[in-house]
Amino acid sequence: MLSADFMTIALYLTALGGGLLAGSISPALAYSRSILLGITLMHSVLAGALVGVYLGSATSLPLSPSIVAVLFAVTASIATAEAVNRGVPEDSAISAVVSIFVAISIIFTYLVATQVPLGVSKAMGYVFGLSSIVTLNDLLRILIALVIVVPLSHLFWYEYKFISFDPEGAEAMGLSVRFYRYLYYTLASVAATSLAMTLGVLLTHIVMTLPGLFSLRRKYIYPYRLSYLVSVAIVLGGYLLASPLNIPPSGGVGLLAAVTLTYLLGVRHER
Amino acid sequence: MSGVRVEGLTVGYGGKPILKDLSFSLESPFFLVVMGPNGAGKSTLLRTLVGVLKPYSGSVRVYGLDPWRRRREVRSVAAYVPQLMNIREEVPVTVEEIVAMGLLSKLPPPRLISTRVKELVREVLALVDMAGYERKFFNQLSGGQQKRVLIASALIRRPKALILDEPGSMLDFKARCELMQLIEKIHVRRGTDVIMTSHEIPSCMTLEPDLLLLNRATYAFGKINEVLRREILVKIYPGMTEREGLLILGEDHVKR
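Residues numbered from 1 in each chain as written. Chains lettered and ligands numbered in written order. Predicted model: local features only at pLDDT ≥ 70, side-chain atom pairs only at ≥ 80, totals over all residues. Heavy atoms only, no water.

1. Points about the nonpolar core
Now for step 1: Core analysis: the largest hydrophobic core is formed by 118 residues, its most contacted members being Met-208 of chain A together with Val-99, Phe-138, Ile-151 and Leu-162 of chain B.
Now for step 2: Tallying contributions element by element places helix α9 (residues 177–199) of chain A first for this core, with 14 residues.
Now for step 3: In terms of nonpolar packing, the next biggest core, distinct from the first, is built from 31 residues, Val-6, Val-11, Phe-24 and Leu-212 of chain B among them. (Core = buried A, V, L, I, M, F, W, Y, C linked by side-chain atoms within 4.5 Å. Buried < 20%, exposed > 50% of the residue type's maximum accessible area, 1.4 Å probe, protein only. Helix = DSSP H or I, 4+ residues; strand = E, 2+ residues; numbered from the N terminus.)

Here is the structure:
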């Protein structure tokens, strides 16, 4: 049996890792006006989890719902990126991709509900998160995502920001707009899937967008310090807040996110 | 070949041609103004010259290079300055970052703004009369200053040619004239070839550029005094009027 102290430390480490993960990808989403991509990711992660649960049960394949969810999220984000590259407005591309994954979710919710005992509740873990229960697998998953997402998002930040600023000029300079868009959308997928299992897809969308919006609003040239600060404060603070309020940790995260958003809306925008 | 050669070019978007069977050639040093109504294919031509668009048919050579097949090399010799309308000003990008990217985009990652790069940025900003603006955000600048920064970002690549998409658009007369003087200065002093689109020949321009009149194909091409004639212009700009000896072209749009 694991001790209560270990569980508490693991819980806060996961929260810290989740905060850093959200903070590392959030500026890219905010600066490129891809906040709505989070909606695509939410639906594709849920569809992937349902398909993973179903296939894992109906076949003898050793399929993890998390892996299938990552694959679905990456596919959805690349499909969106490709549609945008081909001139489809981003909101239209997102709507079309979301509708496909909603359809998959509906079909597989039915299949899982009728054929896999407890399958729906397992998949629903992705919607609301399992933030009060942390296993070594959760910690490992967040750690792997951090190792992939953080260095790459920092390494290509300057290029990505420039592409967000002037895609036509960037293309004419020889920067591959398509490559960088694919890269950041894929990184967002990896981060979203890892966070979704802990926080749930609904809160994941919020913690992946708020820190970047904060940095964009404050007009930081290099937005990561503020983004990390805000995301860690929301996630870790939410976990700490949940204990005295006797609510699930993701509920605490949601409360802090709401306070942050209210502050953001109240602050006068300086040009 | 030391110039630009376009033969029988047909190009467009999504399989729909915008320019049809366009031909012209220029020998360096050249200063070309591309004019035509909205939708005539001016920007399409520029995008083809820098390898952003693939021709449906015909041949394009920029300093002997095929822009589509040898994009990277063409973008080293021909630097493109896009229109301001495609830029998202809310992204907080500094003047230094924009100009530095002009240079760093030629290099492989990681693209870091080193002390040497900062020095080069300062030099090129001085050339476009923007010294001291390195730390300013792009959206804190006036329209004319923003254009100068984009030109600096192109110049830092030390290109043989500057390709400018409507540099004078959205500027008042004074700012437009100052910008034209800057472009002329770059052409004369640095020997940089220039291709620019415009809706007019600015009256403050001192050079006599070549002029390409487009109307989805080459309508007229030659020296400015050969092309800017009433009988030619009236066919491209049917809404053209004449008042006190001045030809007013209006803002006609090509019918699709």
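2. Focus on the packing of aromatic side chains
Now for step 1: Enumeration over the complete set of coordinates arrives at 13 aromatic pairs over all chains.
Now for step 2: Taking 5.1 Å as the distance between ring centres and 85° as the angle between the ring planes, the aromatic pair formed by Phe-165 of chain A and Phe-138 of chain B counts as edge-to-face. Linking Phe-165 of chain A in helix α7 (residues 157–165) with Phe-138 of chain B in the loop between α4 (115–127) and α5 (143–155), this pair reaches from one chain into another. Neither Phe-165 of chain A nor Phe-138 of chain B differs from the other in exposure class; each is buried.
Now for step 3: Between the aromatic rings of Phe-24 of chain B and Phe-221 of chain B, the centroid separation amounts to 5.7 Å while the plane-to-plane angle is 50°, which identifies the pairing as tilted. With Phe-24 of chain B in strand β2 (residues 16–27) and Phe-221 of chain B in strand β9 (residues 218–223), the pair connects residues that are 197 residues apart, well separated along the chain.
Now for step 4: Taking relative accessible area as the criterion, Phe-24 of chain B reaches 5% and is therefore assigned buried.
Now for step 5: Assessed through its relative accessible area of 33%, Phe-221 of chain B is described here as partly exposed.
Now for step 6: Through a chain of ring-to-ring contacts, the aromatic side chains of Tyr-31, Trp-157, Tyr-224 and Tyr-228 of chain A assemble into a single cluster.
Now for step 7: We note Arg-71 of chain B situated over the ring of Trp-68 of chain B; from NZ or CZ to the ring centre the distance is 4.1 Å. (Phe/Tyr/Trp six-rings, centres within 6.5 Å; stacked < 30°, edge-to-face > 60°. Lys NZ or Arg CZ within 6 Å of the ring centre and 35° of its normal.)

3. Observations concerning a nonpolar patch on the surface
Now for step 1: A cluster of nonpolar side chains, contributed by Leu-140, Leu-143, Ile-144, Val-147 and Ile-148 of chain A, occupies part of the molecular surface with about 450 Å² of accessible area.
Now for step 2: Topologically, Ile-148 of chain A is positioned in helix α6 (residues 136–155). (Patch = residues over 30% accessible without salt bridge, like charges linked within 9 Å, V, L, I, M, F, W, Y side chains within 5 Å. Areas by Shrake-Rupley, 256 points an atom, 1.4 Å probe, with all protein chains shown as cover. Salt bridge = Lys/Arg side-chain N within 4 Å of Asp/Glu carboxyl O.)

Bear in mind that shape data such as this cannot, by itself, settle questions of function.
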